[in-house]
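Take a look at the letters that make up each chain.
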Amino acid sequence: MSDQIKFIVDNLNKEPFRKNYNLITFDSLEPMQLLQVLNDVLAEIDPKQVVDIREEMPEQTTKRMLSLLGILKYKPPGNATDMSTFRQGLVIGSKPVIYPVLHWLLQRTNELKKRAYLARFLIKLEVPSEFLQDETVADTSKQYEELMEAFKTLHKECEQLKTSGFSTAEIRRDISAMEEEKDQLIKRVERLKKRVETVQNHQRMLKIARQLRVEKEREEFLAQQKQEQKNQLFHAVQRLQRVQNQLKSMRHAAADAKPESLMKRLEEEIKFNSYMVTEKFPKELESKKNELHFLQQVVSEPAMGHSDLLELESKINEINTQINQLIEKKMMRNEPIEGKLSLYRQQASIISRKKEAKAEELQEAKEKLANLEREVSVKTNQTREFDGTEVLKGDEFKRYVSKLRSKSTVFKKKHQIIAEFKAEFGLLQRTEELLKQRHENIQHQLQTIEEKKGISGYSYTQEELERVSALKTEVDEMKGRTLDDMSEMVKKLNSLVSEKKSALAPVIKELRQLRQKCQELTQECDEKKSQYDSCAAGLESNRSKLEQEVRGLREECLQEESRYHYTNCMIKNLEIQLRRATDEMKAYVSSDQQEKRKAIREQYTKNIAEQENLGKKLREKQKAVRESHGPNMKQAKMWRDFEQLMECKKQCFLKQQSQTPMGQVIQEGGEDRLVL
């Protein structure tokens, strides 16, 4: 206990509390002050708890602290009886209750801060089921749950980022490095501007360079548009293939499908769905509700110790033995009719279990099929996003493999040609370097000659003009080529569209016929469905009537069974009473004295005689007391008077002693003498 108090005092003297306590002052705190210290610690964990407890009712303070301790998952020591003492100790500020709480809170303050912060957003509000029937309330509750899940994911991501190793110092260093690079780039651009300003006609050259950049961007944009149109054309071809495959599958289904098979399939689905809705789902819902109710009871009950668990196990064992005894008695009393019924019941239970198992297997198979279809769709979408193509199957895949093989051979040849080109490129690069060196030397000589002649910069300007004119001619040629390419592409696209339309014309005609057939079949299906609905409604009404009759008969059967059990109990009680009466008569009539003594009549007569003797003795005592009552009262009065008289004499004697003189005056012969 002393170590605990020392730990509490040390932590309270630190940041952020700074209480300046020692062991003596902390131990001498009053209950109200101790509760305020506990409230300050809780306020450090949850800022909502910042309250002066002198301005708050004790019940509210206790309720608030208990709710927060429950959120923080504090478990008081002991069982249910100790829980009541814990609450009372928290109300009155008892030290044995508050010291362990402070020790527990100060040990894990950071962890509890995080838990209190998360509790503000993750404690779910319990909404009654009758309110959830409203659509707005249900939608709001659903949004609330979605936001809670989003908060969980964001909090996890935040924690991962905190523990991932990224620090603010590293980010600041990166930002400073980027700013330095930015400054260097700005300086470099300024230097280039200064260098360009010295050149003649630099504005015109900049304008031409800007136009060149715009044209290049336009070229890239046109190339991108061209690629997009190719992709669209490829997707259109793929869609056409998919539509053709769907048309084939629809034709195959229409050739094989009949109204009888469709009706059978629909009836099977309706039977399965009705079984799931009427039998399986209600049972599962009821079991889940019972399990939830049981878990709520377990949560509401206080923490159980080892002794409580042992008591519960002993009770469970006793109840199991009683159940086994009752089952054995029932097995002993079973009649042949009940035996036959038990066989039928067993068969019915086996069939119902098989039916439930098959329904669960079917449900699992449907879920697996749905999951697999979902995975297939996800994979196809991923492949489509990756390269914009569909997943190939069968012959298409074989053709694709053969194309890849042919492309691989072509790739190998091209790779060999590229290697040769690289070797030539190395040689040409070396020759280019040599020619550049010669060109620089010649340029240097030309500049010196121009300076001597007084026409410096003439060759440079002439080269620039030639280069710009060459660039302009190239741009014009590229514009012409791009326009020609675009016109050819448009013509090709128009021709392809017309070919596809002509190819799809017979398919569209067949599709129209199939649509008409589909409309006719849907009309027949609607008619059959209306007939089925009317028939099902009639059968449902008959079923409800039969269920009401069966319910009434079951209630009558239960009433008769209860009446039967009541009469059986009354008969057993009467038999027991009759058995006791016959035993009494046998004991009373028998000649054996010991048997007679066991008789209830003899026992009662003996008890009556004893009570009568006791009554006689008590009456005699009462008579003697009445006779001696008067003289005894007089004698008691005389003794009280005697006691008062003696008390009076005692007081008089004490007074006389207190009033005696110090000496005595004696007069003799006309003389006065004082005798001490």
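- In the annotation of an unreviewed UniProt entry, the chain is listed under the name Intraflagellar transport protein 81 homolog and assigned to Neomonachus schauinslandi.
- Check the Subcellular location (unreviewed entry) section of the UniProt entry for the chain; it says "Cytoplasm, Cytoskeleton, Cilium basal body".
- Under the Sequence similarities (unreviewed entry) heading, UniProt states for the chain: "Belongs to the IFT81 family."

1. Things to note about the nonpolar core
Now for step 1: L12, F26, L38, L72, L102 and L105 are the most contacted members of the largest nonpolar core, which has 32 residues in total.
Now for step 2: Take this core: its biggest share by element is 8 residues, from helix 6 (residues 95–107).

2. Concerning the side chain of Q4
Now for step 1: Relative to the assigned elements, Q4 resides in helix 1 (residues 2–13).
Now for step 2: Owing to a relative accessible area of 18%, Q4 belongs among the buried residues under this scheme.
Now for step 3: If we ignore the near neighbours within four places in the chain, the residues touching Q4 are Y99, P100 and H103.

3. Let's talk about the packing of helix 7 (residues 109–122) against helix 8 (residues 135–163)
Now for step 1: Close contact between helix 7 and helix 8 brings their axes to 10 Å; oriented N to C, the two are set at 155°. On the basis of their axis angle, the class for helix 7 and helix 8 is roughly antiparallel. Contacts between helix 7 and helix 8 involve K114, Y117, L118, F121 and L122 on the former and, on the latter, M148, F151, K152, H155 and E159.
Now for step 2: Along the lines of polarity and charge, the residues of the contact of helix 7 with helix 8 split into 6 nonpolar, 1 polar and 3 charged.

4. Notes on the pattern of salt bridges
Now for step 1: Taken as a whole and assessed by the stated rule, the structure comprises 13 salt bridges.
Now for step 2: For K358, the salt bridge is made with E361, and the minimal N-O distance between the two is 3.8 Å. With K358 and E361 both in helix 13 (residues 336–387) and 3 residues apart, the pair spans about one turn of that helix.
Now for step 3: The salt bridge involving E547 is made with R543; its shortest N-O contact spans 2.4 Å.

5. Concerning the packing of helix 3 (residues 31–45) against helix 6
When two helices pack together, their arrangement is given by the angle between the helix axes and the distance between those axes.
Now for step 1: Taken N-terminus to C-terminus, the directions of helix 3 and helix 6 make an angle of 20°; their axes are 11 Å apart at the nearest point. The angle between helix 3 and helix 6 places the two elements in the roughly parallel class. In this structure, helix 3 meets helix 6 at a crossing whose hand is left-handed. Judged by residue contacts, L34, L35, V37, L38, V41, L42 and I45 of helix 3 engage K95, I98, Y99, V101, L102, L105 and L106 from helix 6.
Now for step 2: A class-by-class count of the residues in the contact of helix 3 with helix 6 yields 13 nonpolar, no polar and 1 charged.

6. Notes on the environment of T85
Now for step 1: With respect to the secondary-structure elements, T85 resides in helix 5 (residues 80–92).
Now for step 2: Along the chain, T85 and V97 lie 12 residues apart, while their C-alpha atoms are 8.7 Å from each other.

7. Points about the packing of aromatic side chains
Now for step 1: As enumerated under the stated definition, the model contains 6 aromatic pairs in all.
Now for step 2: Pairing Y21 with F26 gives two aromatic rings, centres 5.9 Å apart and planes at 50°, and the pair type is tilted.
Now for step 3: Overall, F26 belongs to the buried group, its relative accessible area being 0%.
Now for step 4: For the ring pair Y74 and W104, a centre distance of 5.0 Å and an interplane angle of 55° mean the geometry is tilted. Taken as a pair, Y74 in the loop between helix 4 (58–71) and helix 5 and W104 in helix 6 lie far apart in primary sequence, 30 residues in all.
Now for step 5: Y74 gets classed as buried once you look at its relative accessible area, which sits at 12%.
Now for step 6: Given the relative accessible area of 15%, W104 is considered buried.
Now for step 7: Clustering of aromatic rings is evident, with ring pairs tying together Y21, F26 and Y99.

8. Here we look at a negative patch on the surface
Now for step 1: A surface patch of negative charge is lined by E179, E180, E181 and D183.
Now for step 2: Turning to its location among the elements, E179 is positioned in helix 9 (residues 168–197).
Now for step 3: Here E179 falls in the partly exposed class, since its relative accessible area comes to 47%.

9. Things to note about unusual backbone geometry
Now for step 1: Residue R18 is not a glycine yet carries a positive backbone phi of 55°.
Now for step 2: Summarising the element assignment, R18 is placed in the loop between helix 1 and helix 2 (23–27).
Now for step 3: Take R18: its relative accessible area is 55%, and that puts it in the exposed class.
Now for step 4: Despite not being glycine, K73 has its phi angle at roughly 65°, a positive value.
Now for step 5: Note on placement: K73 falls in the loop between helix 4 and helix 5.
Now for step 6: Accessibility expressed as a relative area gives 60% for K73, which makes it exposed.

Reading the values: rules and limits
Residues numbered from 1 in each chain as written. Predicted model: local features only at pLDDT ≥ 70, side-chain atom pairs only at ≥ 80, totals over all residues. Heavy atoms only, no water. UniProt positions renumbered as here; feature names shortened; annotations may be inferred. Core = buried A, V, L, I, M, F, W, Y, C linked by side-chain atoms within 4.5 Å. Buried < 20%, exposed > 50% of the residue type's maximum accessible area, 1.4 Å probe, protein only. Helix = DSSP H or I, 4+ residues; strand = E, 2+ residues; numbered from the N terminus. Contact = heavy atoms within 4.5 Å. Axes fitted to C-alpha atoms, helices over the stretch in contact; angles between N-to-C directions. Parallel < 35°, antiparallel > 145°, perpendicular 65-115°, else oblique. Nonpolar A, V, L, I, M, F, W, Y, C, P; charged D, E, K, R; others polar. Salt bridge = Lys/Arg side-chain N within 4 Å of Asp/Glu carboxyl O. Left-handed = near helix turned anticlockwise from the far one by under 90°. Phe/Tyr/Trp six-rings, centres within 6.5 Å; stacked < 30°, edge-to-face > 60°. Patch = residues over 30% accessible without salt bridge, like charges linked within 9 Å, V, L, I, M, F, W, Y side chains within 5 Å. Areas by Shrake-Rupley, 256 points an atom, 1.4 Å probe, with all protein chains shown as cover. Lys, Arg positive; Asp, Glu negative; His and termini not counted. Charge placed at Lys NZ, Arg CZ, Asp CG, Glu CD.

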